[in-house]
Amino acid sequence: MKRIYLFAVLVGLLSQTSLTAQTKETGPIIKDYGKVWAIDNPDFKVDPSKEYKAVFDIMNSPENHESVNATIETAARFLNMHAQSGIPAENLKVALVVHNKASKDVITSEAYQKKYGTDNPNQELIKALMDAGGQIIFCGQSSLSRGFPREDLIEGVQLSLSAMTALIQLQDEDFRLIKF
């Protein structure tokens, strides 16, 4: 009985060590967002010479006006995980096509403050993605239907005819659609 107890304690200590040894980390591309796990020696290897072009279809947003949109942060995770895995930053391209409920996430904190009484929690993330070369494209149809005019957009956000049009054009430019 004593041996079983000692074995159980030893297994518990070993599993605790392995669980606490690894943590999620941000960077190197987006410093304050996009924490990811490092995957040591994966069987399915990434090709560091390949260009990775992803377009993210961003249509949902949290109901809480003070929460960062996790689907926008997915683009930061994409950049960070690939850079941490040895893909050069110049081989990583991201575009976000924003529409529907996520429309509010691309307006300035000033405009957000007027509508929701708080700063836009996504503004710094949006700016960081653009600073890293990401394109943020806002649906013109959502702009009008949801009441978010061009003048309320974060500087650098591009207005398109529609989300559908932007998604088609980006996929024609060999961007791969990421939707989740």
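Refer to the structure presented above.
As the structure is a prediction and not an experimental result, all values here were calculated from the model.

Engineer: Residues and numbers for the nonpolar core, please.
Structural biologist: Judged by nonpolar contacts, the single largest core of 32 residues is most densely connected at Leu 96, Leu 129, Ile 136 and Val 157. Of all the secondary structure elements, the ones that give two or more residues to this core are β1 (52–58), α2 (70–84), β2 (92–98), α3 (109–116), α4 (123–131) and β3 (135–139). Judged by nonpolar contacts, the second largest core, of 10 residues, contains Ala 163, Ala 166, Leu 170 and Phe 175.

Engineer: Run through helix α6 (residues 163–172), naming residues and quoting values.
Structural biologist: Taken together, the buried positions of α6 are occupied by Ala 163, Ala 166, Leu 167 and Leu 170. End-on view of α6: buried residues confined to an arc of 100°, all on one side of the axis. Away from the buried face of α6 by more than 90 degrees, exposed residues Met 164, Ile 168 and Asp 172 are located. Along its buried surface, α6 packs onto β1, β2, β3, β4 (158–160) and β5 (176–178). Remark: Asp 174 follows α6 within two positions and exhibits a positive phi of approximately 70°.

Engineer: Explain the layout of surface pockets to me, using residue names and the numbers behind them.
Structural biologist: Empty pockets left among the atoms are what a rolling probe the size of a water molecule brings to light. Considering only enclosed or pocket space, the largest pocket measures out at about 340 Å³ in volume. Every residue along the wall of the largest pocket is listed here: Trp 37, Ala 38, Ile 39, Pro 42, Phe 44, Lys 45, Val 46, Tyr 52, Met 81, His 82, Gln 84 and Ser 85. Per-element tally for the lining of the largest pocket: the top contributor is α2, with 3 residues. The residue makeup of the lining of the largest pocket, split by class, is 8 nonpolar, 3 polar and 1 charged. As a volume, the second largest pocket reaches approximately 190 Å³. Around the second largest pocket, the lining residues are Lys 50, Glu 51, Tyr 52, Lys 53, Ala 54, Phe 78, His 82, Asp 174, Arg 176 and Ile 178. Of all the secondary structure elements, the ones that give two or more residues to the lining of the second largest pocket are β1, α2 and β5. For the lining of the second largest pocket, the leading source of residues is β1, giving 3 residues. Of the residues belonging to the lining of the second largest pocket, the class tally is 4 nonpolar, 1 polar and 5 charged.

The rules behind each value
Residues numbered from 1 in each chain as written. Predicted model: local features only at pLDDT ≥ 70, side-chain atom pairs only at ≥ 80, totals over all residues. Heavy atoms only, no water. Core = buried A, V, L, I, M, F, W, Y, C linked by side-chain atoms within 4.5 Å. Buried < 20%, exposed > 50% of the residue type's maximum accessible area, 1.4 Å probe, protein only. Helix = DSSP H or I, 4+ residues; strand = E, 2+ residues; numbered from the N terminus. Arc of directions from axis to C-beta. Contact = heavy atoms within 4.5 Å. 1 Å grid on protein atoms, 1.4 Å probe; cavity = no way out; pocket = protein on both sides within 12 Å on 5 of 7 lines; lining within 4 Å. Points joined across faces, edges and corners; volume = space filled by probe spheres on them. Nonpolar A, V, L, I, M, F, W, Y, C, P; charged D, E, K, R; others polar.

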